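The lines below spell out each chain.
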Amino acid sequence: MPIKVENLSKIFGKKTKEATRLLDEGYSKEDILEKTGCTVGVNRATFEVEEGEVFVIMGLSGSGKSTLVRLLNRLIEPTEGSVEIDGQNLATMNKEDLREIRRTKMSMVFQRFALFPFRSVRENAEFGLEIQGMEKEERSQKAEEALELVGLGGYVEQLPSQLSGGMQQRVGLARALANDPEVLLMDEAFSALDPLIRKDMQDELLDLQEKMQKTIVFITHDLDEALRIGDRIALMKDGSIVQIGSPEEILTNPANDYVEKFVEDVDRSKVLTAEHIMKRPETVDYDKHGPRVALERMREQGLSSIFVTDRSRNLKGYVTADEARQARESGIEKLSEIMKTEVPTVDKDTQIQDIFNIIHDSPVPVAVTEDGKLRGIIVRGAVIAALADGNEVDADDA
Amino acid sequence: MLDNIPQIPVAEWIDDGVDNITDWFSFIFNPIQDGFGWLLDTSAEYLAMVPPFIIIILVALIAFFLSGKKFGLAAFSIVGLIFIHNQELWEQLMFTFTLVFYASLISVIVGIPFGILMSKSNIAQNIITPVLDFMQTMPAFVYLIPAVAFFGIGMVPGVFASFVFATPPVVRFTNLGIRQVSDELVEASDAFGTTGSQKLFKVELPMAKTTIMAGVNQTVMLSLSMVVIASMIGAPGLGRDVLSALQRAEAGTGFVAGFGIVILAIIIDRFTQSLNKGK
Ligand SMILES: Nc1ncnc2c1ncn2[C@@H]1O[C@H](COP(=O)(O)OP(=O)(O)OP(=O)(O)O)[C@@H](O)[C@H]1O
Ligand SMILES: [Mg+2]
């Protein structure tokens with residue numbers, strides 16, 4: 001068991017004894033603030049994180065997520081309780097042992113990246129190793145491996161300020177990974193990124209996780225993010241953990257009104273748009289390819305029709321397998337002669353419910369276009385699956 | 001009513017204090033006066049022996065490269081220094097420069113550690129801040145008096161007075177610069193298991209560098225102004241020409257020596273500033 005947290009509390013302020021007593025007596029966070037001037041940051045959190053698990057801690061602003069994650073590596077001193085990492089209690093250990101744990105067992109990724117602006121990308125990634133006293137050559141190599149892993153192999157000499165937000169956070173991730181820690185603590189690591197890049201980073205984290213099997217504690221205030229990447233999710237309110245469960249359990253079995261409220265907004269069909277469910281399109285080129293190529297591609301991919309574009313990916317139409325076969329037999333060389341031009345199209349922001357109505361009676365997948373260019377395709381199955389998810393939640397809400 | 005309170009002999013107390021300190025510490029003050037005095041004199045004399053055109057070319061080259069290969073500062077330095085030489089103030093310039101150099105060097109060497117101490121401890125900050133306020137608001141002339149008592153006359157008491165007067169900015173700015181380092185960077189450093197000194201040297205000082213250099217710049221400028229005043233207790237240099245012009249009411253020579261100080265001030269100011277921008 002890599003992380004075992006028991007009765008962990010943090011009370012900010014001077015009269016922590018009195019505040020603890022009031023907590024015992026069942027007073028709320030607000031009452032305690034009023035009576036003692038102390039803020040309850042985390043209230044008796046108890047949970048365990050399994051090896052190789054992505055454990056998400058979710059909650060509204062001020063619910064104590066950042067405090068909790070900082071108690072895990074003791075950037076914040078706990079008022080009470082214990083944090084065990086591999087059987088060692090972090091809460092009571094001395095400074096040297098704590099430093100050793102921080103150097104070798106756990107790394108942290110920060111919301112606003114917290115890169116050192118005067119260090120190059122490589123030097124940033126090296127930081128943890130440098131602190132451990134590793135030789136220059138060895139640490140450079142390890143840092144570069146970590147940067148390679150997050151797709152920044154070509155940027156080692158740049159300064160952080162020369163990179164985009166998404167790339168900066170990759171550096172933050174590489175810096176954390178270079179140490180090869182057992183545990184990654186990520187405090188809203190993707191919250192400062194814009195939505196598309198954020199989604200990429202989530203995917204990438206999941207990819208990396210598949211390879212590395214780290215134990216990850218991931219903080220977010222975003223339910224979608226929690227559902228996407230969490231193996232288990234803990235929900236926090238006013239410093240307390242109100243529910244821990246798999247995404248499925250949280251959605252279908254909200255422990256109380258607070259969780260239910262949180263979950264309520266996730267009517268998947270309203271949130272998801274074409275962009276979320278589209279796939280990479282298989283196409284043939286109008287100018288270059290004839291019926292033979294079209295047929296071959298359909299056979300390879302197991303399709304019954306294929307979209308036709310011009311060289312710059314403007315959508316022109318589609319051909320079906322049957323017609324391509326006939327064309328080949330009768331010696332027709334040009335796709336334009338057999339192509340159908342009436343294609344059902346939507347743009348990337350079309351909501352799933354609307355797509356459902358279009359795809360319902362279409363013989364071919366729906367094309368997702370942007371300024372006439374083909375961006376993706378949506379198959380009927382994907383729409384139905386997305387809608388089914390949403391309805392399940394709705395049914396439980398009712 | 002108020003007249004009934006007898007005058008408190010503060011001045012006498014301070015006199016006694018200065019006398020006592022002079023006595024008790026003469027075993028330190030005297031060697032400093034001799035040794036450091038010798039160092040200052042020799043440095044200035046050797047500097048004055050270097051042919052002026054070599055110094056002018058060197059300064060111009062440094063100016064050129066420090067300012068990012070622009071000609072402005074280099075041209076100004078050449079013209080300004082030639083002017084000073086033309087007015088037969090070259091040797092005085094060398095003395096003034098030597099004084100400023102050593103005085104600010106000592107201020108910086110002592111000031112930065114105090115600034116670090118202040119940034120690490122609120123208690124230290126609460127004690128040191130009023131001391132710095134006192135050092136800076138007390139009229140600079142006043143420091144000359146104990147300086148003379150401790151170190152006699154000449155360059156050494158000048159450096160001492162300048163040290164007292166010019167050190168506060170670098171202390172304050174070091175403290176400020178380190179305290180300004182964002183919480184997140186400090187957390188990042190802690191989270192990777194840095195020791196106190198690793199954090200200081202690998203994160204805090206590099207982050208605070210710009211601010212500290214702004215403090216160094218101020219300290220250097222203040223010590224230049226103090227070095228001029230120090231001519232009143234016999235420190236040689238451009239200030240002495242100003243002082244003697246004042247005593248003889250010669251506006252012309254006074255201004256000429258004053259121009260020399262201004263030129264030196266501008267060159268030193270731009271140099272320390274561009275050190276900051278560099279890299
Ligand atoms: N250093 C501190 N001193 C006093 N109170 C604090 C301190 N840090 C946090 N708190 C309080 O503790 C509570 C929890 O804060 P925390 O930052 O952990 O919340 P959070 O869930 O991370 O919120 P957010 O989503 O806004 O980051 C809040 O009420 C906050 O005001
Ligand atoms: Mg937070």
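Rules used in this analysis
- Residues numbered from 1 in each chain as written.
- Chains lettered and ligands numbered in written order.
- Predicted model: local features only at pLDDT ≥ 70, side-chain atom pairs only at ≥ 80, totals over all residues.
- Heavy atoms only, no water.
- Domains from an automatic or database assignment.
- Pairing = 2+ DSSP bridges.
- Helix = DSSP H or I, 4+ residues; strand = E, 2+ residues; numbered from the N terminus.
- Axes fitted to C-alpha atoms, helices over the stretch in contact; angles between N-to-C directions.
- Contact = heavy atoms within 4.5 Å.
- Expected span 1.5 Å × (residues − 1).
- Buried < 20%, exposed > 50% of the residue type's maximum accessible area, 1.4 Å probe, protein only.
- Arc of directions from axis to C-beta.
- Buried area = accessible area lost by both parts, 1.4 Å probe.
- Salt bridge = Lys/Arg side-chain N within 4 Å of Asp/Glu carboxyl O.
- Polar contact = N/O pair within 3.5 Å; in protein donor to acceptor, adjacent residues only side chain to side chain.
- UniProt positions renumbered as here; feature names shortened; annotations may be inferred.
- Near = heavy atom within 4 Å.
- Areas by Shrake-Rupley, 256 points an atom, 1.4 Å probe, with all protein chains shown as cover.
- Parallel < 35°, antiparallel > 145°, perpendicular 65-115°, else oblique.
- Left-handed = near helix turned anticlockwise from the far one by under 90°.
- Nonpolar A, V, L, I, M, F, W, Y, C, P; charged D, E, K, R; others polar.

## Observations concerning the domain arrangement of chain A
Stage number 1. Splitting chain A by domain gives domain 1 (3–105 + 181–266) and domain 2 (274–388).
Stage number 2. Centre-to-centre, using C-alpha coordinates, domain 1 of chain A lies 46 Å away from domain 2 of chain A.

## Quick look at the sheet that holds strand β10 (residues 240–245) of chain A
Adjacent strands of a sheet form backbone hydrogen bonds with each other and so pair up, either parallel or antiparallel.
All names here are of chain A.
Stage number 1. One open sheet accounts for six strands, arranged β6-β7-β8-β3-β9-β10; its pairing is mixed. Of all the strands in the sheet, just β6 (106–109) and β10 have a single pairing partner and so form its edges. Ignoring strand direction, the axes of neighbouring strands in this sheet form an average angle of 20 degrees.
Stage number 2. Looking at chain direction, strand β9 (residues 232–237) and β10 are connected through five bridges and run antiparallel. Looking across to β10, one finds that I233 is bridged to G245.
Stage number 3. Sitting on the sheet, helix α11 (residues 257–264) touches β3 (54–59), β9 and β10, and the angle it makes with β9 is about 115 degrees.

## Concerning helix α4 (residues 72–86) of chain B
Residue and element names in this part refer to chain B.
Stage number 1. Over its 15 residues, α4 runs 21 Å from end to end, which matches the ideal 21 Å to within 8%, given 1.5 Å per residue.
Stage number 2. For α4, every residue scored as buried is listed here: L73, A74, S77, G80, L81 and I84. What you see down the axis of α4 is that its buried residues fit within an arc of 135 degrees, all on one side. The outward face of α4, more than 90 degrees from its buried face, is lined by the exposed residues G72, V79 and N86.
Stage number 3. Here the buried face of α4 lies against α3 (52–66), α5 (90–120) and α12 (251–277).

## As for the interface of chain A and chain B
Stage number 1. The partner chain B presents 16 residues to the 26 residues of chain A that form the contact.
Stage number 2. Between chain A and chain B, the buried area comes to about 1,800 Å², and carbon and sulfur atoms account for 65% of it.
Stage number 3. The interface formed by chain A and chain B holds two salt bridges in total.
Stage number 4. For E130 of chain A, the salt bridge goes to K202 of chain B, with nearest N and O atoms at 2.7 Å.
Stage number 5. Along the contact surface separating chain A from chain B lie seven residue pairs in polar contact (both at pLDDT 80 or more).

## So, the environment of K202 of chain B
Stage number 1. Its location among the elements puts K202 of chain B in helix α10 (residues 196–229).
Stage number 2. Non-local contacts of K202 of chain B, meaning those with residues more than four positions away in its chain, are made with F118, R119, F127, E130 and I131 of chain A.
Stage number 3. Of the polar contacts made by the side chain of K202 of chain B, one reaches the side chain of E130 of chain A; its length is 2.7 Å.

## Notes on the UniProt feature "domain: CBS" (unreviewed entry) in chain A
Stage number 1. According to UniProt, the positions carrying the feature "domain: CBS" (unreviewed entry) are residues 277–335 and 339–393 of chain A.
Stage number 2. Annotated as 37% helix and 24% strand, the span residues 277–335 of chain A places its first and last C-alpha atoms 29 Å apart.

## Re the site of ligand 1
All names here are of chain A.
Stage number 1. Among the 13 residues in the neighbourhood of ligand 1, the closest are listed as S61, G62, K65, S66 and T67.
Stage number 2. Measuring from an oxygen atom of ligand 1, one finds a side-chain N or O atom of S61 at 2.5 Å.
Stage number 3. A distance of 2.8 Å is found between an oxygen atom of ligand 1 and a backbone nitrogen or oxygen belonging to G62.
Stage number 4. The protein chains hide 61% of the 630 Å² of surface that ligand 1 would expose on its own.

## Focus on the environment of A146 of chain A
All names here are of chain A.
Stage number 1. Inspection of the secondary structure assignment puts A146 in helix α6 (residues 136–149).
Stage number 2. When the C-alpha atoms of A146 and A125 are compared, they prove to be 7.6 Å apart, with 21 residues separating the residues in sequence.
Stage number 3. Contacts of A146, omitting those with residues within four sequence positions, involve A174 and A178.

## Comments concerning the UniProt feature "domain: ABC transporter" (unreviewed entry) in chain A
Stage number 1. Mapped onto the present numbering, the UniProt feature "domain: ABC transporter" (unreviewed entry) falls on residues 27–263 of chain A.
Stage number 2. The span residues 27–263 of chain A is 43% helix and 22% strand, and its two end C-alpha atoms sit 27 Å from each other.

## Considering the sheet that holds strand β2 (residues 39–49) of chain A
All names here are of chain A.
Stage number 1. Spatial strand order, β2-β1-β4-β5: four strands in an open sheet with antiparallel pairing. What marks the edges here is a single partner per strand, and that holds for β2 and β5 (88–89).
Stage number 2. Two strands pair when backbone bridges link them, and strand β1 (residues 3–12) and strand β4 (residues 80–85) are joined in this way by five bridges, in the antiparallel orientation. By the bridge assignment, S9 is partnered in β4 with E80.
Stage number 3. Taken strand by strand, helix α3 (residues 65–72) contacts β1, β2 and β4, and its axis lies near 125 degrees from that of β1.

## Some words on the packing of α6 of chain A against helix α7 (residues 165–178) of chain A
Residue and element names in this part refer to chain A.
Stage number 1. At their nearest, the axes of α6 and α7 sit 8 Å apart, and the two run at 130 degrees to each other. It follows that α6 is oblique to α7 by the angle criterion. As for how α6 packs across α7, the hand of that crossing is right-handed. Residues A143, A146, L147 and L149 of α6 form the contact with α7, whose own contacting residues are A174, L177 and A178.
Stage number 2. Of the residues in the contact of α6 with α7, the class split is seven nonpolar, no polar and no charged.

## Let's talk about the UniProt feature "transmembrane region" (unreviewed entry) in chain B
All names here are of chain B.
Stage number 1. In the numbering used here, UniProt assigns the feature "transmembrane region" (unreviewed entry) to residues 46–66, 93–119, 140–166, 220–239 and 251–268.
Stage number 2. Strand forms 0% of residues 46–66 and helix 90%; the C-alpha atoms that close the span are 25 Å apart.
Stage number 3. Along residues 140–166 the backbone is 89% helical and 0% strand, and the end-to-end C-alpha distance reaches 10 Å.

## Looking at the packing of α7 of chain A against helix α8 (residues 195–212) of chain A
Residue and element names in this part refer to chain A.
Stage number 1. Contact pair α7 / α8: the axes reach a minimum separation of 11 Å and the direction vectors enclose 20 degrees. With respect to α8, the element α7 is oriented roughly parallel. Crossing geometry of α7 relative to α8 is assigned as right-handed. For the pair formed by α7 and α8, the contact residues are G166, Q169, R170, L173 and L177 on the first element and I197, M201, E204, L205, L208 and M212 on the second.
Stage number 2. Among the residues making up the contact of α7 with α8, the classes are represented as seven nonpolar, two polar and two charged.

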